[in-house]
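Listed below, chain by chain, are the residues.
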Amino acid sequence: MKKIISLLTVALMAVCFAGCTKDTATLRGLIEQENSKCPMNLGSAGEVLSIGYDDENRLVQITVHVNDDTRDLESIREDTQLACRICALTLPGKKAREFMREIVDTGSDVEITYRSRNSDKSVVAVLSHSDLGDYVDNQQDTVDDSLDEVDSAVKAMQGSIPYEIDEGITITSLTKKGNNVIINCTLDEDICEIQNFRMISDDVKNGFRGNYKDPDMQKLIRALGPTGRGLVINFTGSASGQTIDIFFTPAELF
């Protein structure tokens, strides 16, 4: 009798689990859509080569190229926060939160294969849906706070426009559009022609990330990453009228 009751209990738990676990159709749809865009640049976090789903094992499978010249692959594999961030950065903005929530609600785990850019080495990290659930819950508070910080920094900078952020670079307008904040600047071509400026875009990025000490700019950059929003800097030459855009992905701002 006890054995029969035990079997019935196990069967009932299995039915309840199946009933509480969400269907994977939405998750698979999101994954198929994003896989068609691969490879996807994640900035300093690497590059997503592919993303798929093993329905039988409820397993999201992501393959990422990483730079392992400063960190070895084993330490990357053990970095749970990095794995969660890669899940968050695979899709933009609100879609990222929907993606992660679908993973959690379907009881799926995540398997990330990290491939070295510098060799043929690779490692596999497994992220449980409970780990991801904790991250999503904690991250939502961070996102809400960061959205407020983004709005605050944008308003502060808009109130000071126009102003020179560096010699020959004047911010003329700043707007939010879609998933990006767009900063429009005039470049004094008596100091640097825009064609030469184009060739030093990496130095320009580093300048906006850390060398320009404007507190509102730094506040904006710190706040953007967790929200899944990017930054676009548009430069217009004062003499030529030519323009260039420099893009920061959310991963590069995180």
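As shown above, the structure is provided for reference.
Within each chain, residue numbers correspond to sequence positions counted from 1 in written order. Predicted model: local features are reported for residues with pLDDT of at least 70 only, side-chain atom pairs are reported and counted for 80 or more only, and whole-chain, interface and lining totals are derived from all residues. Water and hydrogen atoms play no part in the side-chain values, which are based on all heavy atoms of the structure.

Asks: So what's going on with the overall build of the chain? Residues and values would help.
Replies: Here a helix means four or more residues in a row that DSSP labels H or I, a strand means two or more in a row labelled E, and each is numbered from the N terminus. Within the chain one finds 10 helices and 10 strands. Exposed residues in this analysis have more than 50% of their type's maximum accessible area, buried residues have under 20%, and partly exposed residues fall in between, with area computed by a 1.4 Å probe over protein chains only. Looking at the chain as a whole, 42% of its 254 residues qualify as buried. Intrachain contacts of the chain at a sequence separation of at least 6 include 60% that bridge at least 24 residues. With the model as given, the accessible surface of the chain reaches about 13,400 Å², and the carbon-plus-sulfur share is 49%. Whether two residues are in contact is decided by their heavy atoms: any pair within 4.5 Å suffices. Each accessible area is a Shrake-Rupley result for a 1.4 Å probe, and residues are judged covered by the shown protein chains and nothing else.

Asks: Explain unusual backbone geometry to me, and be specific about the residues and the numbers.
Replies: In this structure, P39 follows C38 across a cis peptide bond, with omega equal to 0°. Secondary-structure assignment places P39 in the loop between α2 (25-35) and β1 (40-41). Look at the link from I161 to P162: it is a cis peptide, with omega at -5°. With respect to the helices and strands, the residue P162 is situated in the loop between α6 (129-160) and β6 (163-166). For R58, which is not glycine, the phi dihedral falls at a positive 45°. Here R58 shows up in the loop between β2 (47-54) and β3 (59-66).

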